[in-house]
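# Fold and geometry: a report
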Amino acid sequence: DGNDERKGKGKEEKQEGQQMRVCVMEYVFEEHRRWGERFQARYEPYTSWPNSLTPPISCSSSSSSDRPLRIGYISADFFTHSVSYFIELPLKLADRARVFNVCYSNVARPDARTATFQAYADKWVNVYGKEAQAVAEQIRSDRIDILVELTGHTAGNRLDVMALKPAPVQVTWIGYPNTTGLRTIDYRFCDAKVDPEDTEQKFTETLVRLPNTFLCYSPPREAPEPSKRTPAIENGFVTFGSFNNFAKFNDKVLKLWTCILKLVPGSRLLMKCKPFACPHMRTKVLRRFELAGIDKRRIDLFPLLPSTREHLTLYSMVDISIDTFPYAGTTTTCEAMYMGVPVITLRAQGEDNHAHNVGCSLIANIERLRPLIANTPDEYIAAAVRLARDVKRLDQIRKCLRSEMLKSPLCDGETFVQNLEGVYHNLWAKYCKDQLGKSAEDDTAPSKTIAATQKPQLQQ
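Everything in this summary refers to the structure shown in the same document. Throughout, a residue's number is its position along its own chain's written sequence, starting from 1. In keeping with the predicted nature of the model, local features appear solely for residues at pLDDT of at least 70, side-chain atom pairs appear and are counted solely at 80 or more, and the whole-chain, interface and lining totals rest on all residues. Side-chain numbers come from the whole structure's heavy atoms, not from hydrogens or water.

### Considerations on the overall build of the protein
Note the cut-off: In DSSP terms, a helix is any run of H or I states spanning at least four residues, a strand is any run of E spanning at least two, and both are numbered starting from the N terminus. Only protein chains enter the accessibility calculation, which uses a 1.4 Å probe. A residue is then buried if its area is under 20% of the maximum for its type, exposed if over 50%, and partly exposed in between. Note on contacts: a residue pair is in contact if any heavy atoms of the two residues lie within 4.5 Å. For the area figures, the Shrake-Rupley method with a 1.4 Å probe applies, and any residue is considered shielded solely by the protein chains shown.
Across its full length, the protein carries 14 helices and 14 strands. Taking all 460 residues of the protein together, 54% fall into the buried category. For the protein, the share of sequence-separated contacts (at least 6 apart) that also reach a separation of at least 24 residues comes to 75%. For the protein, the computed accessible surface area is about 20800 Å², with 50% contributed by carbon and sulfur atoms.

### So, the packing of aromatic side chains
The condition that has to hold: Two aromatic rings from Phe, Tyr or Trp, using only the six-membered ring of Trp, form a pair when their centres are within 6.5 Å; if the ring planes differ by under 30 degrees the pair is stacked, by over 60 it is edge-to-face, and anything between is tilted. Only when the NZ atom of a Lys or the CZ atom of an Arg is both within 6 Å of the ring centre and within 35 degrees of the ring normal do we say a charge sits over the ring.
Applying the stated criterion across every chain, the model contains 17 aromatic pairs. On the numbers, 4.6 Å between centres and 15 degrees between planes, the contact of tryptophan 35 with phenylalanine 39 is stacked. Taken as a pair, tryptophan 35 and phenylalanine 39 lie in helix H1 (residues 2-40) at a separation of four residues, close to a single helical turn. A relative accessible area of 13% means that phenylalanine 39 is categorised as buried. With a centroid separation of 6.3 Å and an interplanar angle of 45 degrees, the aromatic rings of tyrosine 85 and tyrosine 217 are classed as tilted. In this pair, tyrosine 85 is assigned in helix H2 (residues 84-92) and tyrosine 217 in the loop between strand E7 (206-209) and helix H6 (232-235), connecting sequence segments 132 residues apart. Chaining the aromatic ring pairs together yields one cluster made of Phe246, Phe249, Trp257, Phe276 and Phe289. The cationic tip of arginine 113 hangs over the ring face of tyrosine 85; the distance from NZ or CZ to the ring centre is 4.5 Å. Positioned over the ring face of tyrosine 46 is arginine 140, at 3.9 Å from the centre of the ring.

### As for the pattern of salt bridges
To keep it simple, the criterion reads: Only one rule defines a salt bridge in this text: a Lys or Arg side-chain nitrogen within 4 Å of an Asp or Glu carboxyl oxygen.
Tallied over the full model, the rule gives 23 salt bridges. The closest approach of N and O atoms between glutamate 88 and arginine 221, which form a salt bridge, is 2.6 Å. Highlighted residues: glutamate 88 in helix H2 and arginine 221 in the loop between E7 and H6, separated in sequence by 133 residues. Judged by relative accessible area, arginine 221 falls into the exposed class, the value being 52%. The closest approach of N and O atoms between glutamate 290 and arginine 287, which form a salt bridge, is 3.9 Å. In this pair, glutamate 290 and arginine 287 both sit in helix H8 (residues 279-291), three residues apart, roughly one turn of the helix.

### Observations regarding the environment of threonine 230
Definition in use: Identification of polar contacts relies on pairs of N or O atoms within 3.5 Å, with a donor-acceptor requirement for protein atoms, meaning one able to donate a hydrogen and the other able to accept it, and with residues adjacent in sequence counted only if both atoms are side-chain atoms.
When you line up the elements, threonine 230 lands in the loop between E7 and H6. Looking at threonine 230, the relative accessible area reads 1%, which means it is buried. Threonine 230 sits 163 residues away from arginine 393 along the chain, and the two C-alpha atoms are 9.6 Å apart. What threonine 230 contacts, discounting residues up to four positions off in sequence, is Asp319, Val391, Leu394, Asp395 and Arg398. A distance of 2.5 Å separates the side chain of threonine 230 from the side chain of aspartate 319, its partner in a polar contact.

### Overview of unusual backbone geometry
Omega for the bond connecting phenylalanine 325 with proline 326 falls within 30 degrees of zero, at 0 degrees, which places this linkage in the cis form. Among the secondary structure elements, proline 326 is positioned in the loop between strand E11 (320-322) and helix H10 (331-338). The backbone phi angle of lysine 165 is positive, close to 50 degrees, even though this residue is not glycine. Relative to the elements of secondary structure, lysine 165 occurs in the loop between helix H5 (159-163) and strand E5 (169-172). Positioned with a positive phi, asparagine 212 is a non-glycine residue whose angle comes to about 65 degrees. Tracing the backbone shows asparagine 212 in the loop between E7 and H6.

### What to know about H10
Where burial is concerned, most of H10 is hidden: eight out of the eight residues are buried. Taken as a whole, H10 has its buried residues at Thr331, Thr332, Thr333, Cys334, Glu335, Ala336, Met337 and Tyr338. Buried-residue contacts for H10 involve H2, helix H9 (308-313), E11, strand E12 (343-346), helix H11 (354-363) and helix H13 (391-407). Glycine 340 sits one or two residues past H10 and shows a positive phi near 85 degrees.

### Digging into helix H4 (residues 132-141)
To be explicit about the condition: Note that the arc is defined by the directions from the helix axis to the C-beta atoms.
Among all positions in H4, only Ala132, Val135, Ala136 and Ile139 are buried. Down the axis of H4, the buried side of the element spans an arc of 100 degrees, and every buried residue falls inside it. A positive backbone phi angle near 55 degrees is found at arginine 143, which sits one or two residues after H4.

Dropping the structure here:
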């Protein structure tokens, strides 16, 4: 009877926790929506555009009367920034017969990667410090068909420009794991794993699920080769690691990580992030582990390192990367895998949340790592412990993970860009059809079809 009572109580607590998460998710959506209404009230969006409704060139068409689709990307992250590793290939591998890419750079401090992006773009416009209206007029002058913002509610965003709707079709992508709240942004790019069909998370934008994955990773050129062997072989102990932003570290994460450390005797945890340059912060974090029953001598805390190469080289000290939740890693997960380090991640519990599921979306692209996607906290612990006890398997992963990753959809730039450009063409075809329908000109609508390699999935 006592066991039944405890099980019943545990079930009730789980249901209450799930209801609480749904309530929080609803609250977050409403705050975004209300912000969008207040912010939008400051701007008068355009309702007509000078763009030609002539269908752009399709995959199978070579007619000289067709035109490339004009795509605009506006971002503050065209420099050495997490977002930059996911926007490079759509610019570098663009089919110039199908798209003409214009980058609107709001970068405050350009660097070498900025110059790389500028070289890849068909046209580069510096909009840093410029008023929203002036930027919007530039975009209209450039006759952008689809404007894609890559920053969301993060530093340097130009949501003020998006609120003016200078392009007929507007999209948000990559830079922010939630809705913008702006009614002038029509679509949000995602995939079926990060935002499943039955997701309960709400967005003011219509979801467009890209085929396979919504992100395509371009590894940094300065990345060193992975270490030849997993470090546990020489060390005699397993090192877990997390290079995620410290804001993603919370009590629930601490609880699971301490369980793992207790179940793997002698193991260590290496954490790296900006706040660890501060002695007070290091002491505070070590104290939290001590209170959880972990000797502080088992925890290594590193601050940011001067260069990307040094940052990635630090993975030579890590055997297994353990992801954060409910805000999973993105660039850090890709970097770990590229350096031969497997990543354990936890799927969202009871409700689907984009920020939580990003790790699942990334890791699912590599068949060998799919068993490391946990559905429950217990599975997360078990996956980490099981892998830690199999050093031979860790060493095999170390030797082949980079090559397998490069062959996966996560790094298959050509297929990804072909699909992405196909999605753009389908969205523009829909817009043209809607506009011609509104004008009661269906009888004069173009007869050519605009096909993507794979049609996007739309969800209201």
